[in-house]
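# Coordinate inspection notes
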Amino acid sequence: MEAAIVNLIQPDDAIIVWINGIFGTRLASMVERCGGQVIPLAVPWGQPLDPEHIEHHLKATKHIKAVAIVHAETSTDVLQPLEHIGQLGQQHEALYIVDTVTTLGGMEVHGDAWHIDVCYSATQKCLSYPPGVAPITFSDRAVQCIRRRQAVCTSWYLDCSLISDYWSESRRTNHHTAPISMTYALRESLRLIQEEGLEARIARH
Ligand SMILES: *Cc1c(COP(=O)(O)O)cnc(C)c1O
């Protein structure tokens, strides 16, 4: 969650955060800590949000940098349908950030088909392996946004421009010592998912 926010958000960026539970509240707090301006879309806890609500805000406010949403708000059990929001984000040039911490490996998650720009998840929920690393994806739009940013990323450890220099074949600039044991654990958990079959696993959850 923090890697998504610190890499994309610069001071004064306006971000719509849908808040209907603890994790939406945490997202908003992270945006504020980066100097971003939160436009909260709050509904009573226990209810999903209506995409028309978001369209209204995207039309009414100019230069919204991103929309951030929790796919399944674990604190209340609410699943948020995600399909149409990505297209709205593209129409209004807002990035689409989605928390799939509790859904990846247990429900359908389609990063590209749903036009998600940054999709982060976790290891300790439906992927069923120890906490310590987190999967995250960045679309081409998100990568360009990171490359163009002017303010330096407020986190050194999570700065994806530094991390991509580490991956880079030409540069290979050392960044940090990766948790190697976690990478083995991730491989094993993915092997177990493969063995069970993703569809069977989703049905089981
Ligand atoms: C569990 C969870 C997180 C954060 O995970 P931690 O266990 O606090 O590291 C974030 N978002 C959602 C939706 C979660 O369920």
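This report concerns the structure included in the present document. Since the model is a prediction, treat every value here as computed from it, not as a measurement. (Residues numbered from 1 in each chain as written. Predicted model: local features only at pLDDT ≥ 70, side-chain atom pairs only at ≥ 80, totals over all residues. Heavy atoms only, no water.)

In the vicinity of the ligand, the residues found are Met1, Phe23, Arg26, Val70, Ala72, Thr74, Asp99, Val101, Thr102, Gln124 and Lys125. Relative to its free-state accessible area of 380 Å², the ligand is covered by the protein chains to the extent of 74%. Among the residues forming the shell around the ligand, the class breakdown is 5 nonpolar, 3 polar and 3 charged. (Near = heavy atom within 4 Å. Areas by Shrake-Rupley, 256 points an atom, 1.4 Å probe, with all protein chains shown as cover. Nonpolar A, V, L, I, M, F, W, Y, C, P; charged D, E, K, R; others polar.)

A few words now on the side chain of histidine 176. Relative to the helices and strands, histidine 176 resides in the loop between α6 (160-167) and α7 (180-196). Leaving out residues up to four positions away in the same chain, histidine 176 has contacts with Tyr157 and Tyr166. (Helix = DSSP H or I, 4+ residues; strand = E, 2+ residues; numbered from the N terminus. Contact = heavy atoms within 4.5 Å.)

Unlike most non-glycine residues, aspartate 77 shows phi in positive territory, near 75 degrees. Inspection of the secondary structure assignment puts aspartate 77 in the loop between β4 (72-73) and β5 (78-79). For glutamate 93, which is not a glycine, the phi torsion comes out positive at approximately 55 degrees. For glutamate 93, the location among the structural elements is in the loop between α4 (85-91) and β6 (95-99). Judged by its relative accessible area of 67%, glutamate 93 is exposed. (Buried < 20%, exposed > 50% of the residue type's maximum accessible area, 1.4 Å probe, protein only.)

Of all 6 residues in strand β1 (residues 14-19), 6 are buried; the element is thus mostly enclosed. Every second residue of β1 is oriented toward a common face, with Ala14, Ile16 and Trp18 on one face and Ile15, Val17 and Ile19 on the other, all of them buried. Summarising the sheet, β1 and strand β2 (residues 37-42) pair through 6 bridges and their orientation is parallel. When the bridges of β2 are listed, isoleucine 15 appears paired with valine 38. Following the chain from β1 across helix α2 (residues 22-33) to the adjacent parallel β2, one finds a crossover that is right-handed. (Pairing = 2+ DSSP bridges. Right-handed = clockwise from strand over helix to strand, strands pointing away.)

A full pass over the atoms with the stated rule returns 8 salt bridges. Residue lysine 65 pairs with aspartate 13 through a salt bridge whose shortest N-O separation is 2.6 Å. Linking lysine 65 in strand β3 (residues 64-70) with aspartate 13 in the loop between α1 (2-8) and β1, this pair joins segments that are 52 residues apart in sequence. Linking glutamate 195 and arginine 191 is a salt bridge whose minimum nitrogen-to-oxygen distance equals 2.9 Å. Here the residue glutamate 195 and the residue arginine 191 both occupy positions in helix α7, the gap between them amounting to 4 residues, near one helical turn. (Salt bridge = Lys/Arg side-chain N within 4 Å of Asp/Glu carboxyl O.)

All right, on to helix α5 (residues 140-148) then. When we look at burial in α5, the residues that qualify are Ala142, Cys145 and Ile146. Take α5 and look down its axis: the buried residues cluster within an arc of 100 degrees, on one side only. In α5, the exposed positions that point more than 90 degrees away from the buried face belong to Asp140, Arg147 and Arg148. Turning to α5, the residues buried within the fold contact α1, β3, β6, β7 (118-120), β8 (136-138) and α6. (Arc of directions from axis to C-beta.)

Let us now look at the nonpolar core. Ranked by internal contacts, the top residues of the largest apolar core, which has 30 residues, are Ile5, Leu8, Val17, Leu27 and Ile97. For this core, the secondary-structure elements that each account for two or more residues are α1, β1, α2, β3, β6, β7 and α5. Listed in part, the 22 residues of the second largest apolar core include Ile16, Val67, Ile85 and Ile116. (Core = buried A, V, L, I, M, F, W, Y, C linked by side-chain atoms within 4.5 Å.)

Right, let's get into the environment of histidine 56. For histidine 56, the position within the fold is in helix α3 (residues 51-60). Put simply, histidine 56 and leucine 41 are 15 residues apart on the chain and 11 Å apart in space, counted from C-alpha to C-alpha.

Ordered by their spatial adjacency, 6 strands build an open sheet running β2-β1-β3-β6-β7-β8, and the pairing between neighbours is mixed. Edge positions in the sheet fall to β2 and β8, since each has one partner strand and no second. With direction set aside, neighbouring strand axes in the sheet form an average angle of 15 degrees. Relative to β6, β3 runs parallel, the two sharing 5 bridges. Residue valine 70 lies in a different strand from β6, and its bridge partner there is aspartate 99. Strands in contact with α2 are β1, β2, β3 and β7; relative to β1, the strand with the most contacts, it is inclined by about 160 degrees. (Axes fitted to C-alpha atoms, helices over the stretch in contact; angles between N-to-C directions.)

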